[in-house]
Amino acid sequence: MLDINSFNSDVIIDSPGRINLIGEHIDYNGGLVLPAAIDKKITFRFRKNNSETCEILSSNFKSSFKLDLKDISRSETEWQNYILGVVYHINVLKPGSVKGFDCIIESNLPLGSGISSSAALECGMAKGLNELFDIGLTDLQMIKLSRDAEHTFVGTKCGIMDQFAVVKGKENNLILLDCDTLEYKLIPADFSPYTVVLLNTNVSHSLASSEYNVRRDECNTALAAIQKKYPRYSSLAEIEPSVIEEFKQILPEKVFNRALYASQEHRRTLEAVQCLEANDLTGFGDCLYRSHNGLQHMYEVSCKELDFLVDFSKKFDDVLGARMMGGGFGGCTINLILEEKVEEFIENAKAAYQEKFDLDLSPIIIKISNGVSKIESDAR
Ligand code: GLA
């Protein structure tokens, strides 16, 4: 196994997690999302090893594996597939560009908590290999091949939001991303005197990735049915809620609800951005609450722990909004709260959560930070 202490790195990469203010389950529906990269991250140390075999060590999992560049296939161990997938897809795009390397991975990103440790792992790997072997991949190529790795090697048919935020994140800015065109605009993340706090439920229900793919299929079913009558539409996000309503009797109830949610959430993201730009934080917070309501009742990707925390936050006037964040079925809530009341709120929420579920609640205090970057090299 690689020795962490004597490892001389040629390239060191920091790859952040992400938050998403609003626009949940909208990326693969062709609409607007509002993510940002954060200061919790995975650090990768790379070195060339001049062989056909690569060794990758995860210090968090305290395990390592070897990868044969001539034969890259899926592993039974999930975390390895993120790495294997990225190497595989770089090779598809730039055959022969990845040569022998070793890599040590250390993370302070909690797993399965909806802050995208997956995209951080993929994009950090892609960026590191790009730097180490001077491959010449563009940001967009790294974003897309990281997403493809998740589809083909991990099996989650994710959208593009996470990888985009991890690569394109800018300190103190949110990214308003149009997932249809991939055009984006940076929006200053100024919530003062309020701030954003994550509360990690510390639950991660096993449904998450299978139900995720089911939601995508349901959305595709809805879109296909609507396109029969209105071929001009190419995504659910662009369809007006009133048009979706026409299909209430035609679509199965759940499929109809998914479609209506997607259409509404896309519009809510735009509304939230307008509130933010007008410094209407109360309006912004209200959008967060409405988003959660849709995710809970129409998209059905929440869970009792997340719903409890969102309901609990409504008792506090100093919390303007809260909702579940990320894929769902566990993970974090994101809360917009008066900065000077953060500690008091966390204490109350922790106690209530403990009493209700006999579980710890972990607050995650974040800063909005830059995307994946090369930090330094300690090669001698
Ligand atoms: C996961 C996926 C993203 C996105 C979110 C939900 O994080 O990786 O593509 O769909 O869920 O918004």
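This section reports on the structure supplied with the text. Note that this is a predicted model, so its numbers are computed, not measured.

Surveying the vicinity of the ligand reveals the residues Arg18, Glu24, His25, Asp27, Tyr28, Cys158, Gly159, Met161, Asp162, Tyr212, Gly326 and Gly327. Here an oxygen atom of the ligand and a side-chain polar atom of Glu24 are 2.6 Å apart. Bound to the protein, the ligand loses 93% of the 310 Å² it would expose on its own. Broken down by class, the residue content of the shell around the ligand amounts to 4 nonpolar, 4 polar and 4 charged.

Here we take up the packing of aromatic side chains. Using the criterion set out here, one finds 17 aromatic pairs in the structure. Ring centres of Tyr353 and Phe357 lie 5.2 Å apart, and the angle between their planes is 55°; this geometry places the pair in the tilted category. Of the two residues, Tyr353 and Phe357 both sit in helix H10 (residues 342–357), 4 residues apart, roughly one turn of that helix. Considered together, Tyr353 and Phe357 belong to a single accessibility category, that of buried residues. Each residue in the set Phe308, Phe312, Phe316, Phe345, Tyr353 and Phe357 is aromatic and connected to the rest through ring pairs, giving one cluster.

Turning next to unusual backbone geometry. Between Ser192 and the following residue, Pro193, the backbone shows a cis peptide bond with an omega angle of 5°. As for its placement among the helices and strands, Pro193 is situated in the loop between strand S8 (184–188) and strand S9 (194–204). Despite not being glycine, Glu300 shows a phi value in the positive range, around 50°. Relative to the helices and strands, Glu300 resides in the loop between helix H8 (281–297) and helix H9 (304–313). Take Glu300: its relative accessible area is 30%, and that puts it in the partly exposed class. Even without a glycine there, the phi angle at Phe329 is positive, about 60°. Positionally, Phe329 belongs in the loop between strand S10 (319–324) and strand S11 (330–338).

Bringing the nonpolar core into the picture now. Ile19 and Phe101 are the most contacted members of the largest nonpolar core, which totals 133 residues. Residue contributions to this core peak at 10 residues, all from helix H7 (residues 253–277).

Definitions and cut-offs
- Residues numbered from 1 in each chain as written.
- Predicted model: local features only at pLDDT ≥ 70, side-chain atom pairs only at ≥ 80, totals over all residues.
- Heavy atoms only, no water.
- Near = heavy atom within 4 Å.
- Polar contact = N/O pair within 3.5 Å; in protein donor to acceptor, adjacent residues only side chain to side chain.
- Areas by Shrake-Rupley, 256 points an atom, 1.4 Å probe, with all protein chains shown as cover.
- Nonpolar A, V, L, I, M, F, W, Y, C, P; charged D, E, K, R; others polar.
- Phe/Tyr/Trp six-rings, centres within 6.5 Å; stacked < 30°, edge-to-face > 60°.
- Helix = DSSP H or I, 4+ residues; strand = E, 2+ residues; numbered from the N terminus.
- Buried < 20%, exposed > 50% of the residue type's maximum accessible area, 1.4 Å probe, protein only.
- Core = buried A, V, L, I, M, F, W, Y, C linked by side-chain atoms within 4.5 Å.

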